[in-house]
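Architecture at a glance
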Amino acid sequence: MSDQVLDALEAHLDAIELGLARQASHEAIERLQRSYGYYVDKGLWPAAADLFADDASWEWGQSGVYRGRERIRAAIALRGPDGLAQGELNIHFTCQPIITVAPDNRTAKARWRNDIMWQSNGEGRWSEGTFENAYVNDGGVWKIASLHFYVTMICDYDKGWIAGDIPMEGPSEVLPPDAPQSEVYASLPEVYLPLYHYPNPVTGAQPARPALPPLPDDALAEDIAALARRTERLEDQRACEKLQRSYGYYVDKAMWNDVSDLFVADSTLEIGGRGVFLGKERVLQYMGIGLGPTGPQREQIINHQQFQGIVTVSEDGQTARGRWRAFVIGGSSWAPLNWGDCLYENHYKKVDGVWVIDKLHAPFTMYTLYSEGWHKQATPNTRPESFPPPPDLAPTVIYLTYPNYYCEPFHYPNPVTGKNAPPPNPAAGGVADMAAFARAED
Amino acid sequence: MSAERRRQIEQRIARLQAEAERREDYQAIIRLQRAYGFYIDKGYWREASNLFAEDATFEHGVDGVYAGRERIHRAIVLLAGGNPGPGLPFGQLHEHFQLQPVITLSEDGTTAQGRWHQLSMTGQYGEHAEWGEGVYENAYRKEAGVWKIAALRFYPNFVAPYEGGWATLQPVDGDWRSPALADFPPDRPSATAYQPFPAIFAPPFHYPHPVTGEEVVR
């Protein structure tokens, strides 16, 4: 009897230990890939190459595939001399990770994005693309097993994307790759959809949970249940982050069905000043009717990059909140290019054990035309009548975007004082007098 | 036999409790720095300075070291243009994206360090607009169970005009301390002298290489 009780307690501890180890692996993989970004930023090619496993592979755009750490080091170093020369810029913002650690904690895959600020020989560029990478746990040390960067866009700084698109370089003639490109495609004005290593987080298969015996009636059971809860809350936070980051990746590629599948029948969506859309079917209409056909379109980019999430999971693990920002890269050959800066204060909830978006609420901070910049031109907030379909409900909040000031209330108290931030001080100057604004509109 | 097994289970629970706390610490530190960014974006200077420990330090570029929460508060306000907030004047954009954290928790779990990447969009409507890029190497400390910023060290790499971008930047000649802090001198000068882009400077890494364990320097 006693042995059976101890067996059950140990089975629960085994599951908790593996859960926490997989959380630690998430952290290690974040460190690995973010370090890759920091190293290449400064031309630290040997340090970047040392992040790879012995038999790893590396493929950047249409470079072809390089195998093994020495070859990878040589391929990365094609960018320039060690440490970069004065005036060379190679900044990689490595963001929006979706990391999937295998159930046995021995391998992992991850999707990331890079926003790149680049310069060589006095010529400045913007660039953006997606990673689909693999990692291996080599005796407790995580290493990159394969790195594959898919270039979405490279453009001349002055001309912007579409007008200033620069094609990817092909395989190097100086250092030919070990194998040709694994996928042949072109960056803007062409479009390409790098396959996702993971299924839709709501409709796809859910991670398997180990079958555990009931927690026995024992003096230690309470401590073990508390540990299980803490582990689950960490997993809940990661799940909400995955949900929001997936939203961004799906919007990027106009995958409207996958976007709407992140919502349920009683979810709501409210973006800018367009009003409230009720339920996942209306989310699909909002996207498909309002924003264009399904799937990535030639000569168009609509990146909605999801950054800086602060996710707060409730004590019972059934609901959560998230503050995020979207960094928007938009435009096409038929619509003007723009930069967008958008905030989210979202609600998530667990339905039958699966995290879904309950309320997506996205007030805009600033939108500007690429050709002008935010000091010269600011696109006003969208309104309910600005494009079809009409919303189900009026906007929940009326505000003006930049150059006016609006601060969506923070869902969380100050992490140090524990107190909520006060409302903005009108004397600071940027809060528009909405009454005066309404009169001006009449 | 059973008593021995039970004792091992108790030890294992204690070990896993410490492990869970480290995972929670990692998330709390990331939350702290991301919250700092969201406050700075919207002119919530007091909320931002309240994230610092009482005896914390703040160091921006080559502007020198500001010590203590109140001095830090003043430096943050001045660097942002002087408006007391909370809020921003009409037409000011002050977005500071907090990206790419590498967080290293100490063995005893009471201190940590973090490297972050900042992308900024700043400017004044009708006047000017800039892109900015730089790296933080910050220190954090847990006081009575609450993580605080113990030292903020930001290394701006450039602030470039929207028109023409970073290609227009010329090598910095001489003193490039922030004019906004000219009348509010630091407690001590910066220990690290460096030049921003187009010079190449790699802010020192607080952590060894994740695979080789060796120090990484440019």
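Refer to the structure printed above.
Residues numbered from 1 in each chain as written. Chains lettered and ligands numbered in written order. Predicted model: local features only at pLDDT ≥ 70, side-chain atom pairs only at ≥ 80, totals over all residues. Heavy atoms only, no water.

Concerning the nonpolar core
Spelled out, the test is: Definition of nonpolar core: a set of buried residues of the types Ala, Val, Leu, Ile, Met, Phe, Trp, Tyr and Cys, connected through side-chain atoms within 4.5 Å. For the exposure calls, accessible area comes from a 1.4 Å probe over protein chains only, and a residue counts as buried if that area is under 20% of its type's maximum, exposed if over 50%, partly exposed in between. Numbering of helices and strands starts at the N terminus; helices are DSSP runs of H or I of at least 4 residues and strands are runs of E of at least 2. When checking whether two residues touch, look at their non-hydrogen atoms; a contact exists if any pair is within 4.5 Å.
With 46 residues, the main nonpolar core has Y36(A), Y39(A), F52(A), W58(A), I76(A), Y135(A) and I144(A) as its most contacted residues. With seven residues, strand β6 (residues 141-156) of chain A is the single largest residue contributor to this core. Contact partners of Y36(A), with chain neighbours within four places excluded, come to A48(A), L51(A), F52(A), W58(A), W60(A), I76(A), I144(A) and L147(A). Among the nonpolar cores identified, the runner-up in size contains 44 residues, and A35(B), L51(B), L88(B) and Y140(B) belong to it.

Let's talk about the interface of chain B and chain A
One frequently used descriptor of interface size is the decrease in accessible area upon assembly of the parts. Test applied: What counts as buried area is the accessible surface, traced by a 1.4 Å probe, that two parts surrender upon association, with contributions from both included. For this analysis, a salt bridge means a side-chain nitrogen from Lys or Arg found within 4 Å of a carboxyl oxygen belonging to Asp or Glu. The term polar contact refers here to a pair of N or O atoms within 3.5 Å; inside protein, the definition further demands a hydrogen-donor-capable atom paired with an acceptor-capable atom, and it admits residues adjacent in sequence only when both atoms are side-chain atoms.
Counting residues at the interface gives 98 residues for chain B, matched by 110 residues for chain A. Summing the contributions of chain B and of chain A, the shared interface buries around 9,100 Å²; its carbon and sulfur component is 61%. Ranking the residues of chain B by area buried against chain A places F38(B), Y162(B) and W166(B) at the top, with a combined share of 9%. Between R6(B) and D218(A) there is a salt bridge, and its shortest N-O distance comes to 2.9 Å. For the pair chain B and chain A, the number of links is 54 residue pairs in polar contact (both at pLDDT 80 or more). Sorting the residues of the side of chain B that touches chain A by element identifies α1 (2-41), β3 (92-105), β4 (111-124), β5 (128-143) and β6 (146-161) of chain B as the ones contributing at least two each. Top contributing element to the side of chain B that touches chain A by residue count: α1(B), with 25 residues.

Observations concerning the sheet that holds strand β2 (residues 65-67) of chain A
All names here are of chain A. Our working rule: Strands are labelled as partners when DSSP assigns at least two bridges between them. Only C-alpha atoms enter the line fits that serve as axes; for helices the fit covers just the stretch in contact. Angles between N-to-C directions range over 0 to 180 degrees.
One open sheet holds the six strands; their spatial order is β2-β1-β6-β5-β4-β3, and the pairing between them is mixed. Each of the sheet's edge strands pairs with one partner strand only, and the pair in question is β2 and β3 (89-101). Taking the axes of each pair of neighbouring strands and ignoring which way they run, one obtains an average angle of 15 degrees across the sheet. By the bridge criterion, twelve bridges tie strand β5 (residues 123-138) to β6 in an arrangement that is antiparallel.

Notes on unusual backbone geometry
In this model, L188(A) is joined to P189(A) through a cis peptide bond whose omega is 10 degrees. Tracing the chain through its elements places P189(A) in the loop between β6 and α4 (221-252). In this model, F197(B) is joined to P198(B) through a cis peptide bond whose omega is 15 degrees. Its place among the elements puts P198(B) in the segment after β6. Even without being a glycine, E299(A) presents a positive backbone phi close to 60 degrees. Tracing the backbone through its elements, the reader meets E299(A) in the loop between α6 (280-291) and β9 (300-313).

Quick notes on the sheet that holds β4(B)
Ordered in space as β2-β1-β6-β5-β4-β3 (chain B), the six strands form an open sheet in which the pairing is mixed. The open sheet has two edge strands with one neighbour each: β2 (65-67) and β3 of chain B. Along the sheet, successive strands turn relative to each other by an average axial angle of 20 degrees, direction set aside. In the packing of helix α1 (residues 2-41) of chain A onto the sheet, the strands contacted are β3, β4 and β5 of chain B, and the crossing angle to β3(B) comes to about 120 degrees. In this fold helix α3 (residues 69-79) of chain B packs onto β1 (52-60) and β2 of chain B, with an angle of close to 40 degrees to the strand it touches most, β1(B).

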